[in-house]
Amino acid sequence: MRVRALLAIVVSALALAGCGGDGKPESGGTLTIAVDAPFSRSPYIGRTIAEGAELAVAELNAQGGVVLGRKVYRLKVVRRDNELSPRRALANVRRAIDDGAVAILDDGTGVDAAWEDAERAGVPICITFGGGTGLVDEEERPNVFRVAPTDRGISYRLAEYLVPKGLKLGLIHDDTSYGEKGGEALDKAFQLNPEAVVDRLTVSAGSTDLSPEILRARRAGATGLVVWGDGATIAAAIIAARSAGWDVPIYAPPAAEDPIVRQQLADRPEWLDGLTVATGRMTAELGPTFFHVFQAKYQAAYGIPRIGVRTRSGKEVIALPDYAMYSYDCVNVLAAALRSAGGPGDKLVAALEQVSVRGSNGDERGFNEHNHEGVIDDDVFFAKFTDMRLRPVRDDPLSRSLPVLQQTQ
Amino acid sequence: MRRRWGGRWPPLTLLALAASLGAVAATARAVPVPLPSVVLQVTLEPPFPTPVTGGENEGALLRIPTVSDQRVTVRVDEEGDPFSVRVRQRLVVRRTGDYSFVIGAPVDDVLATPESESEPGLRRGAILWAGFSAGRKVLSADVVLRPREAARVLPLRIDVDRMGDGVRVRLRNATRVSLRTIGGNARPLDAARALDAVRRQGARPLASGVILDFRGAPVATLRTIAAPLHVRGTLEFPPGALAGADVRGGVKQGESVAVDALLGDETPLVHDVLVSGTDAIPKLRVVATPEPPVRALEPPGGRSWADYVRGRKISGRALVARAVAARLAFARARQYQTLLSDPDPLGPRSATYRFITGERPPRATPQQPASVGAGAAWLPFVLVPLGLAVAAGLVVLWAHS
């Protein structure tokens, strides 16, 4: 009889194993994506990164979540403020790992300090703002990815654009991590054309008066300025130059899109006119429809991102959600990789090199075994501020091909 | 006045009927049929097929105007067997705008060459290119392929054998393929004009194509075609090895034997170089270039095929067969001009395949498995049959309990 009982158990177990249910995946719980960003120190950047990620997560959950094997998982975003401090960012990453986060989105602040902890835990980090050279290195840091324009790409595109103009440039960067890394990238990009650079300056972030530094650049014979720093630094440099009556052309990285630049110059909008920003393109050759769709979804979720300034004709100016687009795309690539890998961990990190998704600007977004950058250098374009709005320049082949996006309400 | 039809046909009706019958008869005789396209993909490979990756190719843009050049370097061992295949692929994008495409291949690694204006990406089984071209952009990369998979689609096979008192190097065109295609009959002059058009258009993929009026419906015909392969190079022997040696199929030049052979295009697909009087195995330096057919389209005497057939009794069927075979040979040669695919199926392309004797790297010696690992490896082979035996035993016991 014992044999019969044993056999009955075996047969029952086999029968149960064969009965997998009705084919509908069962709930597997929640997978967490942590967003480590400077919510308190740079609220525009922090909020933009988080909102892009949350929008993507909301859409994925609305579609039923992410199916892994026979289970379906919902996604969740947890915000952690790094206060622009690498130490704080490291603590955030460790806490996220302890809480079981499957991936981390980062502005770049904490990557140098935290990538190793994340790698040991099999957690990928995706940078969606900082473009610093060395943050991403597929050999040394196999778990670090980026969907954002790189400092290298921006610098080389600036050199490619500015050197033929014959300008003598003053290269100015602030002492934030963003500014320092930008300064390094500019030095590398212009090293083949040293004759194009007449001065290099480091300024203190948070300085409200950059007149001495700007005067120094002017005396060095600069006929153009590249200012790489946070939004406040860029605004301060413009104010210092224009208030001295110096109508020098000024060029800046994507931080110039920060509303603070326009807010600081709201009472002298003509001073902003002509500021040229090098940033990642928001539309593909297919046209602006993809971006408009994303912008509409973003505005439906979070409201109209008013900057608080108006055009000369009185129209309200709104911010373009380009950096939200990057975190949105990053989450979608993560979801595709999760499906491909079948779950989180090292296999997710490996799968991130093998998948692509259609990005919110219509371009493909993805990484590969040789490159963990989701925005290629070619995708950097130049736009000039005109009446508080950005318009692609006409003297660069890529920029010329891009449409002017709606930036007023 | 009432017209009387009776048994008599009015002259106009008769004329109309005659005309329509004539037209029907003419239709039955002359069936316009386009000859095969020179961009026909005769077999699945080459080039290696592009994997389905979710739409890397830029939007709906199917064709990115590009000039493609590929230099394939094949390292072979002393017997002529390939053990390493690398491709330097150079693409020149000739448009202003975005480009994004995937090249499928059994790729192990890819590295941009110094002249490349962009970096290629690597995925399992694919190379990725994406970026913006301001009118002209050079994309160039050295691609390392998995040799076993790549060797399958090489156009040339080489066998080096010791034969009696000498050595035979056999060069074989491996592009030959049998396929079912159109055949039939046509007026000799029509077929000759079609041949002239085939010759004139050559391999130009954007040419208008050639349409031939067949006599009656075309029929399916089994045909064997091959891309003509021009093979040039040297077989380098050790010093003194050729002293007193007799060479056939090549020309002795000092310590080496020069080879210059066309495989295909009305010539045999196999060329043997026989070197008797030595047992030394030569080092090969051979370049194979797929070329469009020339001989098959040369009119025998006269300036054109049309001139040639005038006043002669020539089989229309044979001329049709020649025209079809020539078009397919163009297509086959074009196929081998891209071992790796390019984003422009209609663009100019060229390829050379360089075969060089090299030292085959020693095979990686399998690591001696650790005792635990070894146990784990054989365990399933023991446990599974054991489990089945136990299960069978249980069933027997149950039946008897």
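Residues numbered from 1 in each chain as written. Chains lettered and ligands numbered in written order. Predicted model: local features only at pLDDT ≥ 70, side-chain atom pairs only at ≥ 80, totals over all residues.

Digging into the overall build of chain B
So the rule is basically this: Counting from the N terminus, the helices are the DSSP runs of H or I reaching at least four residues and the strands are the DSSP runs of E reaching at least two. Burial is judged by counting other C-beta atoms within 10 Å of a residue's own C-beta: 20 or more means buried, 12 or fewer means exposed, and anything between counts as partly exposed, with every C-beta placed from the backbone. Any two residues are considered in contact once their C-beta atoms, placed from the backbone, lie within 7 Å.
A count of helical and extended segments in chain B gives 6 helices and 19 strands. Split into buried and exposed, the 401 residues of chain B put 36% on the buried side. Sequence separation of 24 or more characterises 80% of the internal contacts of chain B that already satisfy a separation of 6 or more.

Remarks on the environment of A:Gly131
Residue and element names in this part refer to chain A. With respect to the helices and strands, the residue Gly 131 is situated in the loop between strand E5 (125-127) and strand E6 (144-146). Residues Gly 131 and Asp 107, 24 residues apart in the sequence, show an inter-C-alpha distance of 9.1 Å. In this structure, Gly 131 is in contact with Ala 148, Pro 149, Thr 150, Asp 151 and Ile 154, ignoring residues within four places of it in sequence.

Things to note about the nonpolar core
So the rule is basically this: Put simply, a nonpolar core is buried Ala, Val, Leu, Ile, Met, Phe, Trp, Tyr and Cys residues tied into one set by C-beta atoms within 7 Å. Domain extents, as shown, originate in an automatic or database domain assignment.
A:Ile33, A:Ala53, A:Ile104, A:Leu334, B:Ile127, B:Leu156 and B:Ala323 are the most contacted members of the largest nonpolar core, which has 156 residues in total. Tallying contributions element by element places helix H12 (residues 322-341) of chain A first for this core, with 13 residues. Three or more residues apiece are contributed to this core by two domains, here domain 1 (26-150 + 323-376) and domain 2 (151-286 + 306-321 + 380-400) of chain A. Aside from chain neighbours lying at most four places away, what touches B:Ile127 is B:Ile103, B:Ala105, B:Val107, B:Val110, B:Pro120, B:Gly121, B:Leu122, B:Ala141 and B:Val143.

A few points about the domain arrangement of chain A
All names here are of chain A. Applicable threshold: Classes in brief: Ala, Val, Leu, Ile, Met, Phe, Trp, Tyr, Cys and Pro nonpolar; Asp, Glu, Lys and Arg charged; the others, Gly included, polar.
Entries for chain A in the domain assignment read domain 1 (26-150 + 323-376) and domain 2 (151-286 + 306-321 + 380-400). Centre-to-centre separation of domain 1 and domain 2, based on C-alpha positions: 29 Å. Each partner contributes to the interface: domain 1 provides 17 residues, whereas domain 2 provides 22 residues. Counting only elements with at least two residues in the side of domain 1 that touches domain 2, the list comes to helix H2 (43-62) and H12. Split by residue class, the side of domain 1 that touches domain 2 holds 6 nonpolar, 10 polar and 1 charged.

Focus on the sheet that holds strand E3 (residues 71-81) of chain A
Pairing between the strands of a sheet comes from backbone hydrogen bonds, and it takes one of two forms, parallel or antiparallel. All names here are of chain A. Formally: Any two strands with at least two DSSP-identified bridges between them are counted as paired. Helix axes use the C-alpha atoms of the stretch in contact, all axes being lines fitted to C-alpha atoms, and the angles between their N-to-C directions lie in the range 0 to 180 degrees.
If you trace the 6 strands from one edge of the open sheet to the other, you get E2-E3-E1-E4-E5-E6, paired in mixed fashion. Two strands lie at the open edges of the sheet, namely strand E2 (66-68) and E6, each paired on one side alone. In this sheet, adjacent strand axes meet at a mean angle of 30° when their direction is disregarded. In this structure, strand E4 (residues 103-106) lies alongside E5, joined through 3 bridges in parallel fashion. Within the sheet, the bridge partner assigned to Leu 105 lies in E5 and is Cys 126. Sheet strands touched by helix H4 (residues 111-120): E4, E5 and E6. Its angle to E5, the strand with the most contacts, is close to 155°. On the sheet, H12 packs against strand E1 (26-37), E2, E4 and E5 and is oriented at approximately 25° with respect to E2.

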